[in-house]
Amino acid sequence: MKQKIKRKQNNSARCIVCGDQNKASLGCRFYELENGEIAATFRSEDWHQSYPGRMHGGMAAGVLDELIGRAAAQGSDDFWGVTVELHMKYKKPIPTEADLKAVARVTKKNRKLFEGTGEILLPDGTVAVEAWGKYMILPLSKISDGGFAEEEWYQIEEDDPKEIDL
Ligand SMILES: CCCCCCCC(=O)SCCNC(=O)CCNC(=O)[C@H](O)C(C)(C)COP(=O)(O)OP(=O)(O)OC[C@H]1O[C@@H](n2cnc3c(N)ncnc32)[C@H](O)[C@@H]1OP(=O)(O)O
C-alpha cells in the first residue's frame with residue numbers, strides 16, 4: 001500500500017546503518033509517513049552477509065534498532081535516545097544485493113522511555129524480520145562527545161520520493 005512521505009530525517013556521517021560517509025553502511029534513508037509510521041530504504045550489499053547471499057542478522061537488527069528509535073524522533077532533528085532492549089524474530093532470509101524497505105512505529109511512550117515495533121520487508125512485501133525495542137530518552141550530551149549534531153548530522157540533498165509502497 002502506498003504511503004505519503006511527510007519528511008525525510010537527517011543522516012549521520014559515520015553510522016554503520018545510515019552513515020553517508022561510511023562506505024560499509026547500509027545507506028539507510030528514513031522517511032516520516034503521513035500515517036504516523038516511519039519507513040526506511042536501504043541496500044544490502046555483499047559485505048553485509050552472514051552466509052553467502054544472506055544478510056547478517058546483526059545488520060537486520062541494526063536497521064530495526066535505529067528505525068524504531070527514529071519513530072519516536074518524528075518531526076525533530078534534536079531528539080536522542082539509546083536502545084535498552086531489543087528483541088528480534090527472524091522469519092525469512094534477507095538476500096544480499098537487494099533494495100529493501102522497513103517500517104516501524106512507537107507503541108508506548110513516557111517522559112523517560114519509549115517502546116516500538118518494526119519489520120523488514122522483502123522486495124515482494126513479505127515480512128522477513130520483526131523487532132520490538134525499548135529505548136531511554138537522553139540528551140545528546142549524555143550519549144556522545146560534542147560536535148556530532150553540528151558536524152555529522154545533516155540532510156542529504158537528493159531527489160526524494162513523495163511516497164513509498166509498503
Ligand atoms: C532517537 C533514538 C535513535 C536510536 C538509534 C540507535 C540506538 C543505539 O543503537 S544506542 C547503542 C546501544 N545502546 C546503548 O549503548 C545503551 C547502553 N546502556 C546505557 O548506557 C545505560 O544502561 C543507560 C544510560 C541506558 C542507563 O544507565 P543508568 O541511568 O546508569 O541506569 P540505571 O540507573 O540503572 O537506570 C536509570 C533508570 O532507567 C530505568 N531503566 C534502565 N534500563 C531499563 C530498561 N531496560 N527498562 C526499563 N527501565 C529501565 C531504571 O529502572 C532507572 O529508573 P529510575 O530512575 O526510575 O530508578
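One structure accompanies this document, and this report is about it. (Residues numbered from 1 in each chain as written. Predicted model: local features only at pLDDT ≥ 70, side-chain atom pairs only at ≥ 80, totals over all residues. Heavy atoms only, no water.)

1. Regarding the overall build of the protein chain
Reasoning step 1: Tallying secondary structure elements over the protein chain gives 2 helices and 10 strands in all.
Reasoning step 2: Reading the helices (α) and strands (β) of the protein chain from amino to carboxyl end gives β-β-β-β-α-β-β-β-β-α-β-β.
Reasoning step 3: Here the protein chain has a C-alpha radius of gyration of 15 Å; the compact-globule value for 166 residues is 15 Å, and the two agree.
Reasoning step 4: Projected onto its principal axes, the C-alpha coordinates of the protein chain cover approximately 40 × 30 × 30 Å.
Reasoning step 5: Counting the 166 residues in the protein chain, one finds 43% classified as buried.
Reasoning step 6: Taking the contacts inside the protein chain whose residues are at least 6 apart along the sequence as the reference set, 67% of them involve residues at least 24 apart.
Reasoning step 7: If the 23 positive side-chain charges of the protein chain are averaged to one point and the 27 negative ones to another, these points end up 6 Å apart. (Helix = DSSP H or I, 4+ residues; strand = E, 2+ residues; numbered from the N terminus. Rg over C-alpha atoms; globule rule 2.2 N^0.38 Å. Buried < 20%, exposed > 50% of the residue type's maximum accessible area, 1.4 Å probe, protein only. Contact = heavy atoms within 4.5 Å. Lys, Arg positive; Asp, Glu negative; His and termini not counted. Charge placed at Lys NZ, Arg CZ, Asp CG, Glu CD.)

2. Observations concerning the pattern of salt bridges
Reasoning step 1: Scanning the entire structure with this criterion turns up 14 salt bridges.
Reasoning step 2: Salt-bridge contacts for arginine 70 lead to glutamate 66; the nearest nitrogen and oxygen are separated by 2.8 Å. With arginine 70 and glutamate 66 both in helix 1 (residues 57-71) and 4 residues apart, this pair spans about one turn of that helix.
Reasoning step 3: Shared partners join several salt bridges into a network, and the residues in it are Lys8, Arg29, Glu158 and Asp160. (Salt bridge = Lys/Arg side-chain N within 4 Å of Asp/Glu carboxyl O.)

3. Looking at the packing of aromatic side chains
Reasoning step 1: Throughout the structure, instances matching the rule amount to 5 aromatic pairs.
Reasoning step 2: Aromatic side chains tryptophan 80 and phenylalanine 148 sit 5.9 Å apart centroid to centroid with 75° between the ring planes, which places their arrangement in the edge-to-face category. On the criterion of sequence distance, the pair formed by tryptophan 80 in the loop between helix 1 and strand 5 (81-90) and phenylalanine 148 in helix 2 (residues 148-151) is long-range, its members being 68 residues apart.
Reasoning step 3: For tryptophan 80, a relative accessible area of 12% corresponds to the buried category.
Reasoning step 4: Classification of phenylalanine 148 by relative accessible area gives buried; the value is 19%.
Reasoning step 5: Each residue in the set Phe79, Phe114 and Tyr135 is aromatic and connected to the rest through ring pairs, giving one cluster. (Phe/Tyr/Trp six-rings, centres within 6.5 Å; stacked < 30°, edge-to-face > 60°.)

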